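# Examination of the molecular architecture
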Amino acid sequence: MLADNDLNSLIQALQSSDDNRAATALTVLIERPTADVRLLPHLEALLTRHSACVIARPFIFGELRLLAARALAEERGAAGILEPVQIEDAAQPLRTTEIELLGKEAGLKTRGGVAGILDAYNQLNALGKLPRKAVNYDPQVLARDAGIRREIREKRAN
């Protein structure tokens, strides 16, 4: 369980209108789940946030709710809650070149840099021009995969 000040800092980041701040907090929770069930409602609230963010590096862009779904599943798994997290119709994560191509096809004037690509992704999403897919994160599978990654890191360290 998190200390109150750590919990409050995470909640503030998750509730932030700054998508980058929320995405950073979600990425931290994905990498190191806390098993603190007090975070669950705040993660669940982000499942409806369609705004674009960087979801992986090298740069892959997607909806913030994809990171939220993954973080929620990781937190559920760490807390022993085995309920999967599903999003039926999520915009597919894309690389810069894919977003630029779709933007060109849609007649958008895209600008460079991360901010420009995020803007283009949001515009394409609003226009319904992004490929969509169903997403299902199973806490049991994620926990197994995390254990495998941990074993690999430990072997490399020795």
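Look above for the structure.
The structure reproduced in this document is the subject of the present report. (Residues numbered from 1 in each chain as written. Predicted model: local features only at pLDDT ≥ 70, side-chain atom pairs only at ≥ 80, totals over all residues. Heavy atoms only, no water.)

### A word on a positive patch on the surface
Worth spelling out the cut-off: Note that patches include only residues with greater than 30% relative accessible area and no salt bridge, and the join distances are 9 Å for like charges and 5 Å for nonpolar side chains (Val, Leu, Ile, Met, Phe, Trp, Tyr). Under the convention used here, a 1.4 Å probe and the Shrake-Rupley method define accessible areas, while residue burial counts only the protein chains that appear. Each salt bridge in this description consists of a side-chain nitrogen of Lys or Arg and a carboxyl oxygen of Asp or Glu lying within 4 Å of one another. When charges are counted, neither His nor the chain ends are considered; positive counts come from Lys and Arg and negative counts from Asp and Glu. Charged side chains are reduced to one point each, which is NZ for Lys, CZ for Arg, CG for Asp and CD for Glu. Helix and strand definitions follow DSSP, with helices as H or I runs of at least four residues and strands as E runs of at least two, each counted in order from the N terminus.
On the surface, Arg 32, Arg 149, Arg 150 and Arg 153 cluster together into a positively charged patch. You can see Arg 32 is positioned in the loop between helix 2 (19-31) and helix 3 (40-45).

### As for helix 1 (residues 4-15)
Note the threshold: Multiply 1.5 Å by the residue count of a helix minus one, and that product is the helix's expected span. Three labels apply to residues, based on accessible area from a 1.4 Å probe with only protein chains included: buried if under 20% of the type maximum, exposed if over 50%, partly exposed otherwise in between. Think of the arc as the fan of directions from the helix axis to the C-beta atoms.
For helix 1, which comprises 12 residues, the first-to-last C-alpha distance of 16 Å matches the rise-based estimate of 16 Å (1.5 Å per residue) to within 8%. Those residues of helix 1 not exposed but buried are Leu 7, Leu 10, Ile 11, Ala 13 and Leu 14. The buried residues of helix 1 all sit within an arc of 160 degrees when viewed along its axis, so they share a single face. Turned more than 90 degrees off the buried face of helix 1, the exposed positions are Asp 4, Asn 5 and Gln 15.

### Things to note about the nonpolar core
Under the convention used in this document: In this description, a nonpolar core means a group of buried Ala, Val, Leu, Ile, Met, Phe, Trp, Tyr and Cys residues linked to one another through side-chain atoms lying within 4.5 Å. Whether two residues touch is decided by their heavy atoms; if any such pair falls within 4.5 Å, the residues are in contact.
Counting 30 residues, the largest nonpolar core has Leu 14, Leu 26, Leu 29, Leu 39, Leu 43 and Leu 64 as its most contacted members. Looking at this core, the elements with two or more residues in it are helix 1, helix 2, helix 3, helix 4 (64-78) and strand 3 (85-91). With 8 residues, the top contributor of residues to this core is helix 4. Beyond its immediate stretch of four places on either side in the chain, Leu 39 contacts Leu 2, Leu 7, Leu 10, Ile 11, Leu 14, Leu 29, Thr 34 and Glu 75. Residues Val 54, Phe 61, Ile 99 and Tyr 121 belong to the second largest nonpolar core, which totals 14 residues.

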